[in-house]
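Descriptive analysis of the structure
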Amino acid sequence: MSDQMNMENKIVQENLTDAQPAGASAPQPEEAGKELLRIEDLHVIYKTDEALVKAVNGLNLSVRTGETLALVGETGAGKTTTALSIMRLLPQRTGSIPSGKVIFEGEDIRNVSDQRMRQIRGKDISMIFQDPMSSLNPVLTIEDQISEPLLFHNSSMKKSDALERARELLEMVGISRERSREYPHQFSGGMKQRIIIAIALACEPKLMLADEPTTALDVTIQAQVLKLMKDLQDKMHMAMIMITHDLGIVAQTCDKVAIMYAGKIIESGTVEDIFNGEKHHPYTTGLFGSIPEIRKKTRRLHPIDGLMPDPSCLPEGCAFHPRCPYAQERCRQTMPEPVVNDTHVVLCHLFSDKENETEGKK
Amino acid sequence: MKADSGRPVGKKNVYKKESQLSLVWKRFLKNKTAVVGLVVLICLILIALSADLIRDYNRDCIFQNPKERLQGPSSAHWFGTDMFGRDLFARVIFGARNSLSIGFSAITLALCIGSVIGSVAGYYGGRIDNVLMRAMDIVLAIPDLLLAIILVAVLGASAGNLVLALAIAEVPRTARVVRSTVMSLRDSEYVEAAIACGTRDKRIIFKHILPNAIGPIIVQSTLGLANAILNVAFLSFIGLGVPSPAPEWGTILSENRQYMRNSPYLMYFPGIAIIISVLSLNLIGDGLRDAVDPKLKN
Amino acid sequence: MTAPLIETKDLVKYFDTPRGPLHAVDHVNISIRKGETLGVVGESGCGKSTMGRTILKLLPATSGEVYFHGENILLYNKQQTYGLREKMQIIFQDPHASLNPRMTVSEIIAEPLLVNRRAKSKDELEERVFQLMETVGLAERFVNTYPHELDGGRRQRIGIARALALGPEFIVCDEPVSALDVSIQAQILNLMMDLQEAEGYTYMFITHDLSVVKHISNEIAVMYLGQCVEQAPSDELFENPLHPYTQALLNAIPIPSLRPEDRLHDVIKGEVSDPIAPKPGCRFANRCPFAKPECTGEVIPLKEVSEGHFISCRLHS
C-alpha cells in the first residue's frame, strides 16, 4: 500500500467510464431477455466413505440474457454446489450428478465432452469465487493471469495482443495499466477481487457465476466492487447468478431471487415479489426476521429456531418442517407442490389449498 | 433463548468420548501401504520379543559349531549357518532385538530431550530461542554417523553408549520440528484464549500446545527411528556397535564379509532384515504424516 | 454520573515492522459504564481488535492508560494481571480457531475454573460446567464432544460459556457473530443481550457490521486506521452521523429494501492508506470528499459537539 495506490484511487472511477469492451455490439432487441440457462430437476450428491450427502435435490431455475439472479441461502443450502455443477467443477472423486439437465443456450451441457466443456468455461460461462486471496496464482504476474483465458480461447491471438487486451481489462476494472506486471501479493483484497473480475470477463462471457464475491471484503470496498460488477454487466449485457446470503446485496443488485434450503429452491420470484410481495415461505420470513435492520428499532431479533439439516440425513417431507412454526401433519409426510402466482413461486403446503391460505407476515 | 433438550441438570458425566486419536487411526487405516508397513513392523517386534521361544540364545547364537560352518539354508537351519557354525536365523532374530531396542531407546531419549528444548525455544522465542537453536545447529553440523563414531570411540562400545550417541545425533532434528510446530501453534487463538483465562505458561505448553503438535513430532520420530536402526547397523558394521559375539545385523554383515561371494545367503538375510525394518518404518511414517495432516480434515 | 467501569486514556499500540512502526491504535480515548455496551466499528486495519486485546493485556500497550474500576491496569505486575483475568474476559471471532481441537467441550469450559482453582472437587467442577452449558443453551449431550463435531453456532456458545465461567464484569466481544449464518447470528445476539440483562455484564462489542452494532450497543465508537473518529450514543450516530467516514460507512451498507431512497449511492472511492508511519492529521483525508489542506499536518482532537457526541474532524472544530 503506497502513494502509488493513493494515486491510483483517483484514477479508479474515471477509467471506469472510458474503457470499452472490445467487440461489444449492441444486443439485437429480440435477443435481450432470451433464456440463456435453464436448470431442470438437478440432483447433486457427494459420496464420501462416511456418508451420502444430498447437496442438491431437484433444483429448477432459469436465467435470461442480461438478468441478475440471486441465489440466496445459508451455509449448507447447496448454492456453491449448484454453481460448481453448472461449470462441471464438482470434485471428481466424490461429486456426481445422478439426474437433471443443465441447458445452456439450448445445449445440455451436463453430458457434453470434456473438451466442449473447456471451450465453454471461461468463454461463455465464467465464475468468480469467494476468497480473492486464494484464487490468484502468486507466482504469475496479473497480466499473465488475465491474458491466459484470452490465449486459451483464441488460438490465433498473438501473445502481445493478449497482453495488451489484458491491460485494457485492468483499466476497465479500475486498476492502472502500469501495474500490470505486478504480482497478486502487491494488491489489497479489494483490488485482487477486481483482478479476478477482469480475468472472468476477459472473454466476455454470456453468464457469470459469482459465489459470494464480496463476503471477504470490507463494506466500503464491497460497495465499490458491487457497483463495478453492475456497471460492467450492463455494458456487456451479461447475465449473472449472484450467490449470497446477504439480503441487502440482493435488493441492491439483483432482478430475480431464488431462495435455497436443503438443496431445493423453496421460494423464487422477482425482487418485487420477494421484498414487497405478500405470501412467503416461512423460511424466507425467518430470514428477514433474523436481520438486524438499520432502519428499524427492534428490541429482539426473531431468529429461526434450530439449524439447517444435515444434508446426509434430511428429514422426511418438507425439509424445513422441524423448524417451521406453521408445520402441519402433511408437512412431515410429503414435499409440497410449487404454488405459482405469476412470477412468484413458493414451495409450501400453507399456500397449496385455498382453505388453508394464510399470509406470511414480514 | 431456546436450549436443545437434554437430560436434567445434575446428572453425572456419562457421555462417551470419541477422540482425535481414533480419527487419525481411521485415516491411517485407509492407506494400504502404511498398514502393510505397520503389520510388518509388528511382526518384527513380535519375533524379536519371542526370540527366546523360537531359538535358544546360547546354543544357537553364541556357541560355535565348526562342523556345521557355512551351510546353506536347510530345514535344520532356515537361514543357514555362518563361518562359526552358528545358526543364522537365530542370530538374525536376536539381532532384531538389539537393533530395535537400541533404536527405540535412542529415539525415545531424543524425543524427551528434543521436545523440552524445542518447546522452550519455540514458546519463548527471543534470546532463549537463539541460544538453544544455535547449540542445536552446532550438533546438527556434524554428520550424525561421525558424531556417533566419535562418542562411541571416546565412551566405549556398549549398547548404552550407542543409545546415547544416536540420541544426541537425533535431538537437533526433533528439537527443530518441535520448535517450529510450537511456534506456529503458539499464536493460535485457543492459546490466546487460555492466556485470557489465566493459564500459566507450563500448562499452556504441555496441555494446550504439545498435544496439538504430536502429529509432526510422531512423524519425525518414526522416520528418525528408521534412521537410527540404519545407523546402528552401520556402526556395528564398522565395529563400533554392539560388541561381539552379541548378534546385530550390521555385525553379521561385517563378520561374514569374506565369505559372501560363495555364500551369498549370509548377506541376504541380515540385509533384507535391515531393509524391511527401515522400509516399514518409512511407510508408517509417510502414512502417519498423511493421516495427521490437517489439510485432509474434511 | 457514575464513573465508568473501563476507560482508556491516550491508548497507543504500535507494531514494529521493517518499514517502520505500524500505528494499529493511535491515542484512543473510550469509556464504558457498567452494564452497558460500547460498539466499536470499523473496517479491516482500523485497529479495533488490537484495541480490545490491548485493553485486556493480551497485547502489551505501547503507551497510554487503561483504567478498570479507577485503577491503571497497565501498571499491574504479573500476579495482579492474573487476578484481572477473572474479571475481564474475551469472546473470539473464529469459533473454529478459538477452541482447542484436542479438548472436549467440558474441558474447554472447565479450563478457567481449573486454573483459577474455583472448584473444590471434580463433582463441583462438573456441576458448574453443566450449569454454564445450560446458561448458553448447549445441550448436555455435547459435554464430551470435540469442537470439530459441532457447527459454528454451537462452538460459539462454548466460547461464550468459557468467557462466563469466572463470572467476569467486563467482556470484550471480538466480532462474535461475524463468522455465523444470519439465523444463528440472531440466536447468539439474543443470548448475549439476555445475559447482559440478567447478569449486568459490560460489553465492548467489536464488529464491522453496522446493523449488528446498532442492535446491541448503547454507544458506538467509529474507528479508522487506529484513530477514533466519532463516538456517540447508538441512535444519535445513526440519525446524525457527522464524520465523513461514518457517513460513507453508512452509505455503503446494502439495505434489504427496494425503496428508491434506500438505493446504494455516493459510494466512497479509494482504499485505506498505509498504516505504517502515517502522516499526522486525519487519515481519512485521501478519500474524503470534503478534504482540505488543513486536514493533514496536525493532530485533530476529539471534540464534543453535542451531549455525548464526539467527533474528530476539521469540519466540526
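The paragraphs below set out a description of the structure included in this document. The written sequence of each chain sets the order in which its residues are numbered from 1. For this description, chains carry letters from A and ligands carry numbers from 1, given in the order in which they are written. Where totals are concerned, whole chains, interfaces and linings use all residues; where local detail is concerned, this predicted model gives features only for residues with pLDDT of at least 70, and gives and counts side-chain atom pairs only at 80 or more.

**Quick word on the overall build of chain B**
Helix and strand assignments come from DSSP, with helices taken as H or I runs of at least 4 residues and strands as E runs of at least 2, each series counted from the N terminus. When you go through chain B residue by residue, the secondary structure sums to twelve helices and zero strands. Sequence-ordered secondary structure for chain B, helices as α and strands as β, is α-α-α-α-α-α-α-α-α-α-α-α. In terms of its C-alpha atoms, chain B occupies a principal-axis envelope of roughly 90 × 50 × 30 Å. Counting contacts in chain B only where the partners sit at least 6 residues apart, residues at least 24 apart contribute 70% of the total. Throughout, a pair of residues is in contact if the C-beta atoms placed from their backbones lie within 7 Å.

**Topic: the interface of chain A and chain C**
At the junction of the two partners, chain A supplies 41 residues and chain C supplies 38 residues. Of all elements in the fold, only α1 (3–18), α8 (219–236), α9 (247–253), α10 (271–276) and α11 (282–290) of chain A reach the threshold of two or more residues within the side of chain A that touches chain C. Among the elements that line the side of chain A that touches chain C, the one with the most residues is α8(A), at six residues. Partitioning the side of chain A that touches chain C into residue classes produces 18 nonpolar, 16 polar and seven charged. Just so you know the grouping, Ala, Val, Leu, Ile, Met, Phe, Trp, Tyr, Cys and Pro go in nonpolar, Asp, Glu, Lys and Arg go in charged, and all remaining residues, Gly too, go in polar.

**With respect to the sheet that holds strand β8 (residues 170–174) of chain C**
Residue and element names in this part refer to chain C. Reading across from one edge, β7-β8-β9-β4-β10-β11-β13-β12 is the order of the eight strands in this open sheet, with mixed pairing throughout. Each end of this open sheet is capped by a strand with a single partner; those strands are β7 (88–91) and β12 (303–306). Neighbouring strand axes in the sheet, compared pairwise and without regard to direction, differ in orientation by 20 degrees on average. At least two DSSP bridges between two strands are needed for those strands to be called paired. Pairing between strand β4 (residues 37–41) and strand β9 (residues 202–207): five bridges, direction parallel. Directly across from Thr37, in β9, lies its bridge partner Tyr203. The angle between two axes is taken between their N-to-C directions and runs from 0 to 180 degrees, where each axis is a line fitted to C-alpha atoms and a helix contributes only its stretch in contact.

**So, the pairing of β4(C)**
Residue and element names in this part refer to chain C. Whether a residue is buried, exposed or partly exposed is read from the other C-beta atoms within 10 Å of its own C-beta, which are placed from the backbone; 20 or more gives buried, 12 or fewer gives exposed, and intermediate counts give partly exposed. Across the five residues of β4, five count as buried, placing the element largely inside the fold. Because side chains alternate across β4, one face comprises the buried residues Thr37, Gly39 and Val41, and the other comprises Leu38 and Val40, equally buried. Taken together, the four bridges between β4 and strand β10 (residues 219–224) define a ladder with parallel strand orientation. Its bridge partner lying in β10, Val40 is registered against Ala221.

**Thoughts on unusual backbone geometry**
All names here are of chain C. With a phi angle near 50 degrees, Glu175 is a residue other than glycine that sits in the positive phi range. Locating Glu175 in the fold gives a position in the loop between β8 and α6 (182–199). Glu175 sits in the partly exposed class, given 19 other C-beta atoms within 10 Å. Unusually for a residue other than glycine, Ala277 sits at a positive phi of about 45 degrees. The exposed category is assigned to Ala277, around which 12 C-beta atoms lie within 10 Å.

**Some thoughts on helix α3 (residues 105–115) of chain C**
Where α3(C) is concerned, the buried positions are Val105(C), Ser106(C), Ile108(C), Ile109(C), Ala110(C), Glu111(C) and Pro112(C). Packing partners of the buried residues in α3(C) comprise α9 (189–197) of chain B together with α4 (122–136) and α5 (152–164) of chain C. After α3(C) finishes, the residue Arg117(C) shows a positive phi value of roughly 50 degrees.

**Looking at the nonpolar core**
Buried Ala, Val, Leu, Ile, Met, Phe, Trp, Tyr and Cys residues whose C-beta atoms connect them within 7 Å together make up a nonpolar core. By size, the foremost hydrophobic cluster in this structure holds 259 residues, and its most contacted members are Ala198(A), Leu166(B), Ile109(C) and Ala161(C). Among the elements that make up this core, the one with the highest residue count is helix α5 (residues 88–124) of chain B (16 residues).

**Digging into the pairing of strand β9 (residues 256–261) of chain A**
Residue and element names in this part refer to chain A. In terms of burial, β9 is a largely internal element, six of the six residues being buried. Side chains of β9 alternate between two faces, with Lys256, Ala258 and Met260 and Val257, Ile259 and Tyr261 buried alike. As paired strands, strand β3 (residues 68–72) and β9 are joined by four bridges and run parallel to one another. Each residue of the ladder has a partner; that of Val72, found in β9, is Ile259. Two strands pair when backbone bridges link them, and β9 and strand β10 (residues 264–270) are joined in this way by six bridges, in the antiparallel orientation. Note that in β10 the partner of Tyr261 across the bridge is Lys264. Turn length for the β9-β10 hairpin, with the two strands adjacent in sequence and antiparallel, is two residues, and the turn residue Ala262 shows positive phi of about 45 degrees.

**Points about the environment of Gly160(B)**
Residues and elements named next belong to chain B. Tracing the backbone shows Gly160 in helix α8 (residues 159–186). On the basis of neighbour counts, which here come to 11 C-beta atoms within 10 Å, the residue Gly160 falls in the exposed class. Between the C-alpha atoms of Gly160 and Ala106, which are 54 residues apart in sequence, the distance is 9.2 Å.

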